[in-house]
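Residue-level structure breakdown
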Amino acid sequence: NLKLWLRCGDKAEPESTTSIARSDFYTDFDGTNDYVSVATSAHQTTKGTISGWFYPVLDGDQTLFSVGTASSGKVRALFLNGANLKFIGYSADWDTTVDIVTNTWYHLALTWDGNNVVVYVNGIAYPNSSLTLNTPDGTELKIGTATWTNNYYFDGAISNLSLYQTALDAQT
């Protein structure tokens, strides 16, 4: 089982200021042009998980992470549409109905297994089994922007992004 673990960090936050179970390292994204691009094909499976800690500082259209390619449009992403958390999935977009509050750390996970998608927000599952998913192609994972365009930049902090080739649940 492949795990890509991005422990990014140019900022350290003292443990006394947070009680969440994450590393003390995170990377700031300015919402203008910051992102991380990782060459990988690990997302090209019928099941998988992408998870991490996210701290948005502004509402607005912004991508937390995305995989896939613009040429075919076959992508997967977690996206903030204003304060609302959305799954983007190549004509299988889904509004999770979860509102994300700014200036708050969230542990978010996107899992897929066949056509079953679950978005976890701080361990609470928001499932959807009515989507018809296409397996993303391309060899890119982008953190902080969309793979289909260099736009929708994330404004906030991200820590401990992980990519698995299995669909995890709330206990794993």
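Keep in mind that what you see is a predicted model, and the values were worked out from it rather than measured. (Residues numbered from 1 in each chain as written. Predicted model: local features only at pLDDT ≥ 70, side-chain atom pairs only at ≥ 80, totals over all residues. Heavy atoms only, no water.)

Below, the discussion takes up the overall build of the protein. A count of helical and extended segments in the protein gives 0 helices and 14 strands. In sequence order, the protein lays out its α and β elements as β-β-β-β-β-β-β-β-β-β-β-β-β-β. In the protein, which comprises 172 residues, the proportion classed as buried is 47%. Of the contacts formed within the protein by residues at least 6 apart in sequence, a portion of 65% connects residues at least 24 apart. Taken as a whole, the protein presents about 7,700 Å² of accessible surface, with 46% of it coming from carbon and sulfur. (Helix = DSSP H or I, 4+ residues; strand = E, 2+ residues; numbered from the N terminus. Buried < 20%, exposed > 50% of the residue type's maximum accessible area, 1.4 Å probe, protein only. Contact = heavy atoms within 4.5 Å. Areas by Shrake-Rupley, 256 points an atom, 1.4 Å probe, with all protein chains shown as cover.)

The sheet contact formed by strand β11 (residues 116–121) and strand β12 (residues 124–128) spans 5 bridges and is antiparallel. Looking at β12, one finds that V118 is bridged to P127. Between β11 and β12, which pair antiparallel one after the other, the connecting turn spans 2 residues, and N122 there sits at a positive phi close to 50 degrees. (Pairing = 2+ DSSP bridges.)

Counting 31 residues, the largest nonpolar core has L64, F65, L78, L85, L108 and L110 as its most contacted members. Setting aside residues up to four positions removed in sequence, L78 forms contacts with T63, L64, F65, L85, K86, F87, L108, L110 and V119. (Core = buried A, V, L, I, M, F, W, Y, C linked by side-chain atoms within 4.5 Å.)

With that out of the way, let us pick up the pairing of strand β7 (residues 75–81). Taken across its 7 residues, β7 has 6 buried, putting it largely inside the fold. For β7 and strand β8 (residues 84–88), the ladder comprises 5 bridges, and the chain directions are antiparallel. Of the residues in β8, the one forming a bridge with F79 is K86. The loop that links β7 with its antiparallel partner β8 comprises 2 residues; one of these, G82, has a positive phi angle of about 70 degrees.

Attention now moves to the sheet that holds strand β6 (residues 62–68). A sheet is described by the order of its strands in space; here 6 strands give the open sequence β4-β13-β6-β7-β8-β9, paired in antiparallel fashion. Strand pairing shows two members of the sheet lacking a second neighbour, β4 (36–39) and β9 (94–99), which therefore form its edges. In this sheet, neighbouring strand axes are inclined to one another by 15 degrees on average, regardless of whether the strands run parallel or antiparallel. Of the pairings in the sheet, the one linking β8 to β9 comprises 4 bridges and is antiparallel in character. Paired with F87 across the strands is W94, a residue of β9. (Axes fitted to C-alpha atoms, helices over the stretch in contact; angles between N-to-C directions.)

Per-residue confidence for the protein gives a mean pLDDT of 82, with 86% of residues at or over 70. When mean pLDDT is compared element by element in the protein, β11 scores highest at 94, while strand β2 (residues 11–12) scores lowest at 44. Note that pLDDT drops below 50 for residues 1–5; the model gives that stretch 18 contacts with residues more than four away or on any other chain. Low pLDDT, under 50, characterises residues 7–23; the predicted model gives this stretch 34 contacts beyond four residues in sequence or across chains. (pLDDT = per-residue confidence, 0-100.)

Let us look at the side chain of N128. Take N128: it is sitting in strand β12. For N128, a relative accessible area of 10% translates into the label buried. In terms of polar contacts, N128 uses its side chain to reach the backbone amide nitrogen of S130, at 2.8 Å. If we skip the residues at most four places from it in the chain, N128 touches W94, N115, N116 and V117. (Polar contact = N/O pair within 3.5 Å; in protein donor to acceptor, adjacent residues only side chain to side chain.)

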